[in-house]
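Remarks on the overall topology
Listed below are the residues making up each chain.
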Amino acid sequence: MDAIPHPAPVAGSDRPGALHEFLARHRRLFVLTGAGCSTASGIPDYRDAEGGWKRVQPVTFQAFTGDAAIRRRYWARSLAGWPRFAAARANAAHQALAAIEDDGRIEALVTQNVDGLHQQAGSRTVIDLHGRLDRIVCLGCGALSPRADFQHELVHRNPGWDRYAAGTAPDGDADLDGVDFAGFAVPACPQCGGMLKPDVVFYGESVPRARVEAAVAHLHRSDGMLVVGSSLMVYSGFRFARMAAEAGIPLAVLNLGRTRADGLATLKIHADCALALARPGRTGSGQG
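Notes on the structure follow. (Residues numbered from 1 in each chain as written. Predicted model: local features only at pLDDT ≥ 70, side-chain atom pairs only at ≥ 80, totals over all residues. Heavy atoms only, no water.)

**A look at the environment of Ser41**
Within the secondary structure, Ser41 is located in the loop between strand S1 (29–33) and helix H2 (61–66). We classify Ser41 as buried; its relative accessible area is 14%. Put simply, Ser41 and Ala90 are 49 residues apart on the chain and 6.3 Å apart in space, counted from C-alpha to C-alpha. Apart from residues lying up to four places away in sequence, Ser41 is in contact with Ala88, Arg89, Ala90, Asn91, His94 and Leu117. (Helix = DSSP H or I, 4+ residues; strand = E, 2+ residues; numbered from the N terminus. Buried < 20%, exposed > 50% of the residue type's maximum accessible area, 1.4 Å probe, protein only. Contact = heavy atoms within 4.5 Å.)

Listed below in structure tokens is the structure:
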């Protein structure tokens, strides 16, 4: 494979104002966001500053669909974790990106997050690359339904489970220790009796082709790419950084920690997402 041409990283790229200079030079930004955008909203991330796992890897699509015991465990933990996930609110990082879009400088915002917080902040041109946790999909008939309705059904069928004390975990999950999941009842699709899962892309599952193609089309209409709060360790996001480098599109990476695309970046900013994105003279809060 041919080497990917890319500019050398900018010297002194951690200096104040470097990111805003990059933003000022590019008027059609392709923005890719990850978990670091949402940690200040109370949603934990999976990876540490070196890109390694902080906890056990999330359930795979193959395990979820192939093992009833794993599905019971997944939905029991989700029942406990959903209320806090659903209560999360957009933070200053989401709001800063929405403001940049309001200025007409974002071609598209592609997020690896499944929390809908970019839309809550006012972003409009959003591609939810990995889906949305606030929807349930039937793997049998494809019917979609609100996660809030499914929560009511889970609580109805499993009295008392909503009272378990559980530690908050990423993506609506919760840490339930020392619990027997054998008696947990998982509802089937009310329309066809099929298996229900969150409308998100699990590990081991492919991102829908149409979603990827739409993002690629936006990328090729852009004059710069900005990564915010993602280590890009998952290929579904990293591919866009590779495509940008191959197309000669300048790439800026804003993240607290190492990313898979550091060697491709024109600019690397190691800083808090919201503070770095805040307009000069303004302050914000949030985790990168």
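**With respect to the sheet that holds strand S8 (residues 196–200)**
What the three strands build is an open sheet, ordered S5-S4-S8; its pairing is antiparallel. Because the sheet does not close on itself, it has two edges, and the strands there are strand S5 (144–146) and S8. Averaged over neighbouring strand pairs, the angle between their axes works out to 45° when direction is ignored. Note that strand S4 (residues 131–138) and S8 share five bridges and pair antiparallel. The residue bridging Ile136 from the neighbouring strand is Pro198, located in S8. (Pairing = 2+ DSSP bridges. Axes fitted to C-alpha atoms, helices over the stretch in contact; angles between N-to-C directions.)

**Description of the pattern of salt bridges**
As enumerated under the stated definition, the model contains eleven salt bridges in all. Arg105 is the partner of Asp103 in a salt bridge, and the nearest nitrogen-oxygen pair spans 3.4 Å. Residue Asp103 is classed as partly exposed on the basis of its relative accessible area of 36%. Residue Glu205 pairs with Lys197 through a salt bridge whose shortest N-O separation is 3.4 Å. Using a relative accessible area of 26% as the deciding quantity, one classes Glu205 as partly exposed. (Salt bridge = Lys/Arg side-chain N within 4 Å of Asp/Glu carboxyl O.)

**What to know about helix H4 (residues 92–102)**
When H4 is considered as a whole, its buried residues turn out to be Ala93, His94, Ala96, Leu97, Ala98, Ile100 and Glu101. The elements touched by buried residues of H4 are helix H1 (18–25), S1, strand S2 (106–111), helix H5 (117–121) and helix H9 (273–277). Two or three places before Ala93, at the opening of H4, Asn91 has a side-chain oxygen 2.7 Å from that residue's backbone nitrogen. Immediately beyond the C-terminal end of H4, within one or two residues, lies Gly104, with a positive phi of roughly 80°. (Polar contact = N/O pair within 3.5 Å; in protein donor to acceptor, adjacent residues only side chain to side chain.)

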